[in-house]
Amino acid sequence: MGAKEFFVPISLESIEPIIFPDVALYIKTGGNYVLYKSNGRDFSVYDHERLSKNGVEFVFVSKIDMDTITNHMEVSAERLLNSNILSSRAKGKMIYQTSINFVNDIFNNPEKSTDLARTKRLIENLMMYLSNYPDAINSLETVMTHNYYTFVHSLQVASLTLMMHSAGYTLSPDEMLDVGTGAILHDFGKIFVPQEILNKHGKLSEAEVEILKRHPEEGYAYLQDKGVLSPVALTIVRLHHERCNGSGYPLGLENKDIPRSAQITGVADIYCTLTTDNRGNKTMPPHIAVQLMRNQMKDLFSPILLDTLEKLVCTEDVQQFLL
Ligand SMILES: [Fe+2]
């Protein structure tokens, strides 16, 4: 493993001096990571200005400090995004940076590093594309400030959805962007669901489930009205909870009546929900989640799509182990 794997880039603009967590920061010069600030010293306004003047866009943190950074990002995301401290460009960068950080979590097996690099590129392209559309970025920002883990979950679902499309089908770059945009905003309608329901631990009441189940239609109606999303993206937002046996919502469609991109997003959505809880913790190994989807959720998803998912998220080692 090269030194590269041990460091994670953090956008300089997303760092608020003084209150940034006390972790060692590195800068990259001539291909090497050089300690800039050690643990125990504040990152000052002066540091920020100096690096910025020198054209430094990213500083690096050790991978082991990522939990601390992630916690900080979560706590400060809402405050930062709602504040006047950051320019809209910096806010966009912060969303982008957080996105890239979370893509790391999807493929938690290092053997899949090619997939990881590929996913990062796909998400980078998507975020770059979205950054040209203030309405789309605003929509993402709204999701992030309403419920941080809905945002994290959306990113993971978008990454996996893009990977499944790219592994199983030939899509033009434009179609990939449409699919990615729909997937990243698939739960947009959750901004209309109260926080207490989204963050509730334990079982939801029947009434609460009914409120939650409105999110595909409400997200679709709102985003359609805005007129910024393509029909493919809107379809994903509206139909990602439809299931092959007709048990899904809001329309109860079956099999081929559910557009493929919505089916794939649905598979990615459930897989991410099974493997990561709403605090971002890993809850189930990939191969167990896929098995559960194959057995206990047998009629809900296309077996072909589950094959595609399995090839992406399960390593050969794990498959051998199961045999
Ligand atoms: Fe959803």
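To be clear, the structure that these remarks concern was listed above.
Treat the numbers as computed from the prediction; the structure is a model and nothing was measured. (Residues numbered from 1 in each chain as written. Predicted model: local features only at pLDDT ≥ 70, side-chain atom pairs only at ≥ 80, totals over all residues. Heavy atoms only, no water.)

### A word on the overall build of the protein
Tallying secondary structure elements over the protein gives 15 helices and four strands in all. The buried share among the 323 residues of the protein stands at 51%. Long-range contacts, defined as pairs at least 24 residues apart, comprise 67% of the intrachain contacts of the protein with a sequence gap of at least 6. (Helix = DSSP H or I, 4+ residues; strand = E, 2+ residues; numbered from the N terminus. Buried < 20%, exposed > 50% of the residue type's maximum accessible area, 1.4 Å probe, protein only. Contact = heavy atoms within 4.5 Å.)

### Brief notes about the side chain of Glu 242
Mapped onto the elements, Glu 242 comes out in the loop between α11 (231-239) and α12 (260-275). Despite its burial, Glu 242 pairs with no opposite charge; the closest candidate is Arg 238, at 7.2 Å N-O. Among the polar contacts made by the side chain of Glu 242, one reaches the main-chain amide nitrogen of Leu 251 at a distance of 2.6 Å. (Lys, Arg positive; Asp, Glu negative; His and termini not counted. Salt bridge = Lys/Arg side-chain N within 4 Å of Asp/Glu carboxyl O. Polar contact = N/O pair within 3.5 Å; in protein donor to acceptor, adjacent residues only side chain to side chain.)

### Concerning the packing of α12 against helix α14 (residues 303-313)
Closest axis-to-axis distance for the α12/α14 pair is 10 Å, and the angle between their directions is 50°. In terms of orientation, α12 lies oblique with respect to α14. Seen along the crossing, α12 lies across α14 with a hand that is right-handed. Touching Gln 263, Ile 264, Val 267 and Tyr 271 of α12 are Leu 305, Leu 306, Leu 309 and Val 313, all from α14. Its residues placed into classes, the contact of α12 with α14 shows seven nonpolar, one polar and no charged. (Axes fitted to C-alpha atoms, helices over the stretch in contact; angles between N-to-C directions. Parallel < 35°, antiparallel > 145°, perpendicular 65-115°, else oblique. Left-handed = near helix turned anticlockwise from the far one by under 90°. Nonpolar A, V, L, I, M, F, W, Y, C, P; charged D, E, K, R; others polar.)

### Looking at the coordination of the iron ion
Each pair of donors in an ideal four-coordinate tetrahedral metal site encloses 109.5 degrees, whereas pairs in an ideal six-coordinate octahedral site enclose 90 or 180 degrees. Around the iron ion, the protein contributes the donor atoms Asp 187 (OD), His 215 (NE2), His 240 (NE2) and His 241 (NE2), at 2.1 to 2.3 Å from the metal centre. Bound by four donor atoms, the iron ion shows angles of 86 to 174° at the metal and therefore irregular coordination geometry. (Donors = N, O, S within 2.8 Å, 3.2 Å for Na, K, Ca; no water. Tetrahedral: all angles 85-135°; square planar, octahedral: opposite > 155°, others 65-115°.)

### Re helix α1 (residues 45-53)
By the burial criterion, the buried members of α1 are Asp 47, His 48 and Leu 51. Taken down its axis, α1 places every buried residue within 100° of arc, on the same side. In α1, the exposed positions angled more than 90 degrees off the buried face are occupied by Tyr 46 and Lys 53. Elements that come into contact with the buried residues of α1 comprise β2 (25-29), β3 (32-37) and β4 (58-62). Note on α1: the residue one or two positions beyond its end, Gly 55, has a positive phi of about 75°. (Arc of directions from axis to C-beta.)

### Here's the deal with the nonpolar core
As a rule of thumb, soluble globular proteins bury nonpolar side chains together. Counting residues in hydrophobic clusters, the biggest one holds 56 residues, and the most contacted among them are Leu 160, Ile 184, Tyr 271, Met 293 and Leu 309. For this core, the element with the most residues is helix α6 (residues 148-168), which contributes eleven residues. Ranked by size, the runner-up nonpolar core spans 15 residues in total, among them Val 8, Phe 20, Val 23 and Ile 69. (Core = buried A, V, L, I, M, F, W, Y, C linked by side-chain atoms within 4.5 Å.)

### Re the pattern of salt bridges
Inspection of every chain in the model, using the stated rule, returns seven salt bridges. With a shortest N-O distance of 3.3 Å, Asp 22 and Lys 37 are connected by a salt bridge. Here the residue Asp 22 occupies a position in the loop between β1 (7-11) and β2, and Lys 37 occupies one in strand β3, the gap between them amounting to 15 residues. In this structure, Glu 310 and Arg 294 form a salt bridge, with 2.6 Å as the shortest nitrogen-oxygen distance. Of this pair, Glu 310 sits in helix α14 while Arg 294 sits in helix α13 (residues 286-295); the two residues are 16 residues apart in sequence, bridging distant segments of the chain. Arg 294 sits in the partly exposed class, given a relative accessible area of 27%. Where salt bridges share partners, they join Arg 294, Asp 307 and Glu 310 into one cluster.

### Regarding a nonpolar patch on the surface
Together, Ile 18, Ile 19 and Val 45 give the surface a local cluster of nonpolar side chains, amounting to about 260 Å² of exposed area. Along the polypeptide, Ile 18 turns up in the loop between β1 and β2. Assessed through its relative accessible area of 48%, Ile 18 is described here as partly exposed. (Patch = residues over 30% accessible without salt bridge, like charges linked within 9 Å, V, L, I, M, F, W, Y side chains within 5 Å. Areas by Shrake-Rupley, 256 points an atom, 1.4 Å probe, with all protein chains shown as cover.)

### Looking at the environment of Gly 189
Residue position: Gly 189 is located in the loop between α7 (173-184) and α8 (195-198). Judged by relative accessible area, Gly 189 falls into the buried class, the value being 0%. The contact partners of Gly 189, leaving out residues within four places of it in the chain, are His 215, Glu 218 and Gly 219.

### Details of the packing of aromatic side chains
The tally for this structure, following the rule as stated, stands at five aromatic pairs. When the ring of Phe 188 is compared with that of Phe 192, the centres are 6.5 Å apart and the planes differ by 80°; the resulting orientation is edge-to-face. Grouped by ring-pair contacts, the aromatic residues Phe 188, Phe 192 and Tyr 222 constitute a single cluster. Geometry around Tyr 169 places Arg 260 over its ring, the cationic atom sitting 3.7 Å from the centre. (Phe/Tyr/Trp six-rings, centres within 6.5 Å; stacked < 30°, edge-to-face > 60°. Lys NZ or Arg CZ within 6 Å of the ring centre and 35° of its normal.)

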